[in-house]
Structure formats: structure tokens, C-alpha cells
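Take a look at the letters that make up each chain.
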Amino acid sequence: MKTSLNRFKNRPATRLGWWGFGFGIGMILWMTLASVFAAAIRPWLSSINSPLAAPDFGVGMGFVLMVFGLFALVCCVTAIFKGERSWAVWVGLVPVAMFLFMLIADLLTAG
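Residues numbered from 1 in each chain as written. Predicted model: local features only at pLDDT ≥ 70, side-chain atom pairs only at ≥ 80, totals over all residues. Heavy atoms only, no water.

Q: What is the right way to look at the environment of Thr109 in this model?
A: Mapped onto the fold, Thr109 is located in the segment after helix H3 (87–108). Given a relative accessible area of 65%, Thr109 falls into the exposed group. A polar contact is formed between the side chain of Thr109 and the backbone oxygen of Ala105, at a distance of 2.8 Å. (Helix = DSSP H or I, 4+ residues; strand = E, 2+ residues; numbered from the N terminus. Buried < 20%, exposed > 50% of the residue type's maximum accessible area, 1.4 Å probe, protein only. Polar contact = N/O pair within 3.5 Å; in protein donor to acceptor, adjacent residues only side chain to side chain.)

The following block contains the structure:
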């Protein structure tokens, strides 16, 4: 492993660190949007018989969330291996870790 490029309190020194942070925050924002859609907007769309209330729309939102998670994981882990130690990289990994823990728990308790 290389020497660290910066300390924990500093901003990211690499573009990968910033991208990982951005994708992690994007996961949080997208999950918030998906939750609001599922709780408030989708029931309203169902009441007016809109085609956007179909389950396919929610599946697509989940797929986008997985893409955000994959990109955040790749960017953050690559930045860490390059020596990035900024707080932003670790913050970008928190939503990915939460998503992976929920996915593993769901798969273990599905049967």
C-alpha cells in the first residue's frame, strides 16, 4: 500500500475520492427520492390510474440505486488503495456499507 496522500481531516486529494463521495451522497439522495415516491407519489398515481404507478418504475429506481452503490464502492476503494485517507472517502462508503448489510440480511432471511 502506498503512503497516504493526505490526512483524515483534509479534503480529498484525488478525483476518485471526490467521485466516491459524490456517488455516496447520490445514493442517500436517491434513496430519499425513492422513499418519497413509494410513500406519497405512487399511491396518488395509482388513484388516478397512471402508468407511472407500475412496479417497473420502482424496480428501475432500485437499479439506479445499485449503480450508484457500485460506482461509489469502486471509486472509494480505488482511492483508498491509492493512498487517499480523507473523511469524504469514508463518508462515501457509509451508504454503500449500509446497502450491502441490508442486502445480505435480506438474502439470509428470505427463506
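Q: Would you explain helix H2 (residues 55–81) in this entry?
A: Since one α-helical turn is 3.6 residues long, residues separated by three or four positions face the same way. End to end, H2 covers 39 Å across 27 residues, agreeing with the expected 39 Å (1.5 Å per residue, within 8%). Within H2, burial applies to Met61, Leu65, Gly69, Ala72, Cys75, Cys76, Ala79 and Ile80. Looking at the buried side of H2, the elements it contacts are helix H1 (15–47) and H3. Downstream of H2 by a residue or two, Gly83 has a phi angle that is positive, lying close to 110°. (Expected span 1.5 Å × (residues − 1). Contact = heavy atoms within 4.5 Å.)

Q: I'm lost on the nonpolar core in this one. Help?
A: Across soluble globular proteins, nonpolar side chains have a tendency to be buried as a group. If you look at the biggest cluster of nonpolar residues, it comprises 7 residues: Phe23, Met27, Leu65, Ala72, Cys75, Val96 and Phe99. For this core, the elements supplying multiple residues, two or more each, are H1, H2 and H3. Residue contributions to this core peak at 3 residues, all from H2. Residue contacts for Cys75: discarding those within four places in its chain leaves Leu16, Trp19, Gly20 and Phe23. (Core = buried A, V, L, I, M, F, W, Y, C linked by side-chain atoms within 4.5 Å.)

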